[in-house]
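An overview of the molecular structure
Each chain is listed here by its residues.
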Amino acid sequence: MDHLIPDVDAVDRQPELLAIRKSLIGLDRSEMAAALIEAGIDEKAARMRARQLFHWLYYRGASKFEDMTSISKEMRGWLPEKFTAERPEITSLQESTDGTRKWLVKFQDGQEVESVHIPEEDRGALCVSSQVGCTLTCSFCHTGTMKLVRNLTAGEIISQMLVARDTINEWPSPKGDRMISNIVMMGMGEPLLNYDNVAKALKIIMDGEGISLSKRRITLSTSGVVPKIRQCGEELGVNLAISLHAVTNEIRDILVPINKRYPIKELLQACKEYPGSNNARRITFEYVMLDGINDSPSDARELVRLLKDIPAKVNLIPFNPWPGTQYQCSSNNAMHRFAKIVNDAGYSSPIRVPRGRDIMAACGQLKSASKKAPASARRKEAGAEASL
Ligand code: SAH
Ligand code: SF4
């Protein structure tokens, strides 16, 4: 195989090789093996190498082949000719006064998304994006105002986790307490409208030989893409959160327009049938508190009625403002009155403390400046990247 082994530095100087190198991030073991076979490795060796690569990428967090010391030196020299394990670029990293961090990451085509880490005492949740923008235009959500939308690949979804762990210095995957102990698919985009890539990414994140995060520590939030809810429970078994936000179709049609396709009754039926939910593992209903829109005592009583027979808990989210919004957050009194009614009916219903508002990192505030660059700029950027 000697003739295949180039000088690593020489690879980095050859722009045409950069363009054809395939990213291994987002591939599962069998896809990695297939990619190695395609690159000329025999089948048995490819399966063994794929297991090693999986371990280095997702357990140890290596981003350079030269660091993968259990792989033969010869192979370490050859891999960068064909593959990369590099992260997307971090365009900006901000930290809130409350410790919340927000990354803006930029992918190869120049599109950007945000991810947010919300630390607690000895744990923390990483809020991950599933799309650039969102097609669903919920009227109170900043992400919904973005014009450009595209699905993220599985690799782009996982790489948000890798970037966060690089920054927080959480490699190799710790056995005990972790600062990124939970994942919430609550960033930009509607995860169930990019189900295949989200599922692939989460399966890799759950894999016991890699990051190894349990399904009980992963929550997927949906605005109500009813036909995908069952599949999500059956295949992934992650916790489900529903962005309910209103108790009548009339109001929900305005707040969460996908309600016109899948109205409240159908949505709640899918929740009743969600595989794996029970009293120990409840479905979370998110309810944004909007002044004068959905926050009356009768709304609270109707919510209790709707949730009957569903193992549910409720998260009351104070509305987070963003530039140009027409809504205001409910008063403290209204929120507490609402919470008491739901709580007295037997449902946990905390009023969430907003995190990271000062850096626009709170729920519903995420929006990147991604836009389609004119063709001339795209050509220039491609040229610039190739000569790096
Ligand atoms: N698209 C999915 C995942 C995003 S999760 C979904 O809608 O469920 C983000 C959560 O924050 C959702 O519950 C969303 O409805 C809520 N949200 C959106 N804008 C908000 C805002 N301005 N203030 C508070 N919560 C908001
Ligand atoms: Fe999209 Fe969720 Fe925002 Fe609605 S709330 S626009 S579904 S990201």
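Keep in mind the model is a prediction, meaning the values are calculated, not measured.

Okay, the overall build of the protein chain next. A tally of helices and strands in the protein chain yields 13 helices and 13 strands. Summarising its shape, the C-alpha atoms of the protein chain cover approximately 75 × 45 × 40 Å along the three principal directions. When the 388 residues of the protein chain are sorted by exposure, 52% land in the buried category. Long-range pairs, those at least 24 residues apart, make up 67% of the contacts in the protein chain between residues at least 6 apart in sequence. The centroid of the 52 positive side-chain charges in the protein chain is displaced by 3 Å from the centroid of its 48 negative side-chain charges.

By size, the foremost hydrophobic cluster in this structure holds 115 residues, and its most contacted members are Tyr58, Phe140 and Phe285. Considering every element that reaches this core, the biggest residue donor is helix 6 (residues 154-168), with eight residues. In this structure, this core is formed jointly by two domains, domain 1 (8-84) and domain 2 (89-382), each of which donates at least three residues. In contact with Phe285, other than residues within four places in its own chain, are Ile242, Leu244, Leu268, Cys271, Leu307, Ile310, Ala312, Lys313, Val314 and Asn315.

As a matter of local geometry, ligand 2 sits amid Cys134, Leu136, Thr137, Cys138, Cys141, Gly144, Gly189 and Ser223. Here the residues of the shell around ligand 2 are counted per class, giving four nonpolar, four polar and no charged.

For ligand 1, the set of nearby residues contains 20 residues, the closest of which are Gly189, Ser221, Ser243, His245 and Asn320. Between ligand 1 and Phe140, the relevant distance is 2.9 Å, taken from a nitrogen atom to a main-chain nitrogen or oxygen of the residue. Burial of ligand 1 by the protein chains amounts to 94% of its free accessible area of 530 Å². At the level of elements, strand 10 (218-222), strand 12 (283-289) and strand 13 (312-318) are the ones that each hand at least two residues to the shell around ligand 1. When its residues are assigned to classes, the shell around ligand 1 shows nine nonpolar, nine polar and two charged.

Here we come to the packing of aromatic side chains. Under the definition given, this model contains four aromatic pairs. Look at Phe319 and Tyr327: their rings are 6.2 Å apart centre to centre, the planes differ by 75 degrees, and that puts the pair in the edge-to-face class. For the pair shown, Phe319 and Tyr327 are each scored as buried. Here the basic side chain of Arg29 rests over the ring of Phe54, its NZ or CZ set 4.2 Å away from the ring centre. It is Arg165 that lies over the ring of Trp171; its NZ or CZ is 4.6 Å from the centre.

This part covers a negative patch on the surface. A surface patch of like charges, here negative, comprises Glu120, Glu121, Asp122 and Asp177. For Asp177, the location among the structural elements is in the loop between helix 6 and strand 9 (182-185).

Our next topic: the domain arrangement of the protein chain. One can read the domain layout of the protein chain as domain 1 (8-84) and domain 2 (89-382). Facing 13 residues of domain 1, the contacting portion of domain 2 comprises 17 residues. Together domain 1 and domain 2 conceal approximately 1200 Å² of surface at their shared face, both sides included; 60% is due to carbon and sulfur atoms. Considering only the surface of domain 1 that becomes buried against domain 2, Ile25, Tyr58 and Tyr59 emerge as the three largest contributors, covering 47% of it. Where domain 1 packs against domain 2, one counts three salt bridges. A salt bridge links Glu31 to Lys200, with the nearest nitrogen and oxygen atoms 3.1 Å apart.

Attention now moves to the environment of Lys308. Of note, Lys308 is situated in the loop between helix 11 (297-306) and strand 13. The exposure class assigned to Lys308 is exposed, which follows from its relative accessible area of 52%. Separated by 248 residues in sequence, Lys308 and Arg60 place their C-alpha atoms 45 Å apart.

What follows is about the sheet that holds strand 4 (residues 101-106). Taken in spatial order, the nine strands line up as 3-4-5-6-9-10-11-12-13 in an open sheet, and their pairing is mixed. Two strands lie at the open edges of the sheet, namely strand 3 (89-95) and strand 13, each paired on one side alone. Strand-to-strand twist in this sheet, taken as the mean axis angle between neighbours without regard to direction, amounts to 20 degrees. In the sheet, strand 6 (residues 124-127) pairs with strand 9 via three bridges, with the strands oriented parallel. Among the inter-strand pairings, Ala125 is bridged to a residue of strand 9, identified as Asn182.

Attention now moves to the UniProt feature "domain: Radical SAM core" (unreviewed entry) in the protein chain. Mapped onto the present numbering, the UniProt feature "domain: Radical SAM core" (unreviewed entry) falls at residues 120-358. Within residues 120-358, the helical portion is 32% and the strand portion 15%, while the C-alpha atoms at the span's ends are 18 Å from each other.

Next up on the list: the pairing of strand 12. A regular strand places its side chains so that they alternate between the two faces of the sheet. With seven of seven residues buried, strand 12 lies mostly within the body of the structure. In the sheet, strand 11 (residues 239-243) pairs with strand 12 via three bridges, with the strands oriented parallel. Paired with Ala241 across the bridge in strand 12 is Thr284. Pairing analysis gives seven bridges linking strand 12 to strand 13, with the strands arranged parallel. Across the sheet, residue Met289 finds its bridge partner in strand 13, namely Pro318. Where the polypeptide runs from strand 12 across helix 11 and back to strand 13, its parallel neighbour, the crossover connection is right-handed.

This part covers the pattern of salt bridges. A full pass over the atoms with the stated rule returns 16 salt bridges. One salt bridge connects Glu234 with Arg230, and the closest N-O pair in it is separated by 3.3 Å. Taken together, the residues span about one helical turn, with Glu234 and Arg230 both in helix 8 (residues 226-235) at a distance of four residues. Taking relative accessible area as the criterion, Glu234 reaches 54% and is therefore assigned exposed. Judged by its relative accessible area of 41%, Arg230 falls in the partly exposed class. Its salt-bridge partner being Lys340, residue Asp344 comes within 2.7 Å of it at the nearest N-O pair. In this pair, Asp344 and Lys340 are both assigned in helix 12 (residues 332-344), four residues apart and thus about one turn of the helix distant. Lys340 matches Asp344 in its accessibility class, with the two residues each being exposed.

So, how was this worked out
- Residues numbered from 1 in each chain as written.
- Chains lettered and ligands numbered in written order.
- Predicted model: local features only at pLDDT ≥ 70, side-chain atom pairs only at ≥ 80, totals over all residues.
- Heavy atoms only, no water.
- Helix = DSSP H or I, 4+ residues; strand = E, 2+ residues; numbered from the N terminus.
- Buried < 20%, exposed > 50% of the residue type's maximum accessible area, 1.4 Å probe, protein only.
- Contact = heavy atoms within 4.5 Å.
- Lys, Arg positive; Asp, Glu negative; His and termini not counted.
- Charge placed at Lys NZ, Arg CZ, Asp CG, Glu CD.
- Core = buried A, V, L, I, M, F, W, Y, C linked by side-chain atoms within 4.5 Å.
- Domains from an automatic or database assignment.
- Near = heavy atom within 4 Å.
- Nonpolar A, V, L, I, M, F, W, Y, C, P; charged D, E, K, R; others polar.
- Polar contact = N/O pair within 3.5 Å; in protein donor to acceptor, adjacent residues only side chain to side chain.
- Areas by Shrake-Rupley, 256 points an atom, 1.4 Å probe, with all protein chains shown as cover.
- Phe/Tyr/Trp six-rings, centres within 6.5 Å; stacked < 30°, edge-to-face > 60°.
- Lys NZ or Arg CZ within 6 Å of the ring centre and 35° of its normal.
- Patch = residues over 30% accessible without salt bridge, like charges linked within 9 Å, V, L, I, M, F, W, Y side chains within 5 Å.
- Salt bridge = Lys/Arg side-chain N within 4 Å of Asp/Glu carboxyl O.
- Buried area = accessible area lost by both parts, 1.4 Å probe.
- Pairing = 2+ DSSP bridges.
- Axes fitted to C-alpha atoms, helices over the stretch in contact; angles between N-to-C directions.
- UniProt positions renumbered as here; feature names shortened; annotations may be inferred.
- Right-handed = clockwise from strand over helix to strand, strands pointing away.

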